[in-house]
Each structure stands twice: as structure tokens, then as C-alpha cells.
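Here's the letter readout for the chains.
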Amino acid sequence: NLRAGTAKHLYLPGEHRGIWNREAALSGTEVILCEALLDALTFRVQGFANVTASFGTAGFTREMLAAFINHKIAEVYIAYDNDEAGNRAAEKLAAQLHGEGLRAYRVRFPAGEDANSFALKNDKPDEALLALLIGAEFMDSVSSGQQPVSSGQQPVSSGQQPVASRPSKQYS
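Here is what the cut-offs are and how they apply
Residues numbered from 1 in each chain as written. Predicted model: local features only at pLDDT ≥ 70, side-chain atom pairs only at ≥ 80, totals over all residues. Heavy atoms only, no water. Helix = DSSP H or I, 4+ residues; strand = E, 2+ residues; numbered from the N terminus. Buried < 20%, exposed > 50% of the residue type's maximum accessible area, 1.4 Å probe, protein only. Contact = heavy atoms within 4.5 Å. Areas by Shrake-Rupley, 256 points an atom, 1.4 Å probe, with all protein chains shown as cover. Phe/Tyr/Trp six-rings, centres within 6.5 Å; stacked < 30°, edge-to-face > 60°. Core = buried A, V, L, I, M, F, W, Y, C linked by side-chain atoms within 4.5 Å. Salt bridge = Lys/Arg side-chain N within 4 Å of Asp/Glu carboxyl O. Pairing = 2+ DSSP bridges. Axes fitted to C-alpha atoms, helices over the stretch in contact; angles between N-to-C directions.

Undergrad: Would you mind going over the overall build of the protein in detail, with residue names and values included?
TA: Scanning the protein from terminus to terminus reveals six helices and five strands. In the protein, which comprises 172 residues, the share counted as buried stands at 44%. Residue pairs at least 24 apart in sequence account for 68% of intrachain contacts in the protein once pairs closer than 6 positions are excluded. As presented, the protein carries roughly 9500 Å² of accessible surface, and 51% of it is formed by carbon and sulfur atoms.

Put into C-alpha cells, the structure is as follows:
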């Protein structure tokens, strides 16, 4: 019960720095990128180690992009909220990633949902999240004001199954 006018979600003032779960998130060629830490934690608890979070819809930093490039990340699964802000941010981010030579996939939660709310509504959240990751849309044509266009490609890497189908049930 917050006092009237109290913000429900805050970031600390100042520059956003750092990468949550850096070692695990950057250990392969694919990463799941969530809008918020709670959503990234949801994936992590369900066995998906290669996950991190931006600092909200406008919080993907130059540091994160540089780390993705330096660690040879090839595919980014954008798991932002399925709301207006999340969809708009995913489009913008996909264009930025594409410009740097990375492939972007849009993980689509039901309308108005995020990873955590979606997982909480499922009896087998690991399987439900996996299904969404496997069905992620390849964002091959993103431009300002347009919806992402799916090429019909399935998210794969180096002839392997997508990262989504290989959850790590190791918790470190």
C-alpha cells in the first residue's frame, strides 16, 4: 500500500551501467534480453541462463551493445513486454541490432503480458517460456513506425536448435 502519487517502479538516478548476469548471458552466441530485471530473473529461475535485462524500454546501453559485439553474440531474443512501449522499443532495438550485424527475434507474450506475468499464469512456466522462444519472430525488416515483419525463419544458430530449446537447469 503505497501513498498516493508514489511511483511503483523506479531506477536509481544517473547513468545506467553494467550488465546483469554478464558471464552466463554472454557465454554463447545467443542471448535473451528482457525489459526488466524481474523478467530476466523469471527466465533464469526457469533454467535459461543466457538472459539479461536492459534498464526499461529506453535502457539498452552502448555498454550492452559493445558487450554483445565483443562476445560474438549473433542472435538477440527481445523479450520485452507486449504493450505499446515494449513493442515500440523492440522495433527500435531490432533496427539498432540489425545495423550492427546481429539478428533480432521478437518473443511475443500475450497482449499486455511480460515474462513474469506470463510465467505465473502457467502450470509449467519453463515449457511455456520455451514455446514462446521457439516461436520468436525473426525481425528482418524494421523501420520507424512499421510493425516487425517475420521472415518465417525459425531462430537457429550454427545448425543447432535455438538457445530457447536448450535451457540450462544449472543454477549458479
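Undergrad: Explain the side chain of Asp81 to me, using residue names and the numbers behind them.
TA: With respect to the helices and strands, the residue Asp81 is situated in the loop between β3 (75-79) and α4 (84-99). Dropping the residues within four chain positions of it, Asp81 is found in contact with Glu35, Asp39, Gly86, Asn87, Arg106, Glu113 and Asp114.

Undergrad: Provide a residue-level description of the packing of aromatic side chains, including the pertinent values.
TA: For any pair of aromatic rings, the description rests on two quantities: the centre-to-centre distance and the angle between the ring planes. Here the structure, examined in full by the defined rule, presents five aromatic pairs. Measuring from centroid to centroid gives 5.3 Å for Tyr105 and Phe138, while their planes differ by 50°, and the two rings are tilted. Of this pair, Tyr105 sits in strand β4 (residues 103-106) while Phe138 sits in strand β5 (residues 137-138), and the two are 33 residues apart along the sequence. Assessed through its relative accessible area of 1%, Tyr105 is described here as buried. Given a relative accessible area of 12%, Phe138 falls into the buried group. Both rings, one in Phe109 and one in Phe118, keep their centres 5.9 Å apart while their planes meet at 55°; by these two values the pair is tilted.

Undergrad: Account for unusual backbone geometry, with residues named and values stated.
TA: Look at Asn21: it is not a glycine, yet its phi comes out positive at around 65°. Its location among the elements puts Asn21 in the segment before α1 (22-25).

Undergrad: Describe in detail the nonpolar core, supporting the description with residues and values.
TA: The tendency in soluble globular proteins is for nonpolar side chains to be buried as a group. Judged by nonpolar contacts, the single largest core of 22 residues is most densely connected at Phe60, Phe68, Val76, Ile78 and Leu97. Put simply, the parts of the chain that give this core at least two residues each are β1 (30-34), α3 (62-70), β3 and α4. For this core, the leading source of residues is α4, giving five residues. Not counting the four nearest positions on each side in its chain, Phe68 is found in contact with Leu26, Val31, Leu33, Thr52, Phe60, Ile73, Val76, Leu97 and Leu102. Counting 21 residues, the second largest nonpolar core, distinct from the first, contains Ile32, Phe48, Ala115 and Phe138.

Undergrad: Tell me about the pattern of salt bridges, residues and numbers included.
TA: On inspection of all chains with the given rule, the structure shows five salt bridges. For the salt bridge of Arg88 with Glu84, the shortest nitrogen-to-oxygen distance reads 3.0 Å. Pair noted here: Arg88 and Glu84 are both in helix α4, with a separation of four residues, about one helical turn. One salt bridge connects Glu113 with Lys121, and the closest N-O pair in it is separated by 2.5 Å.

Undergrad: Explain the sheet that holds β3 to me, and be specific about the residues and the numbers.
TA: Spatially, the five strands line up as an open sheet ordered β2-β1-β3-β4-β5, and their pairing is mixed. Edge positions in the sheet fall to β2 (51-53) and β5, since each of these pairs with one other strand and no more. Here two bridges tie β4 to β5, and the two strands are oriented antiparallel to one another. Counted as the bridge partner of Arg106 is Glu137 from β5. Across the sheet, helix α2 (residues 37-45) is in contact with β1, β2 and β3; its angle to β2 comes to roughly 170°.

Scope: geometric values only; no functional claims are made or implied.
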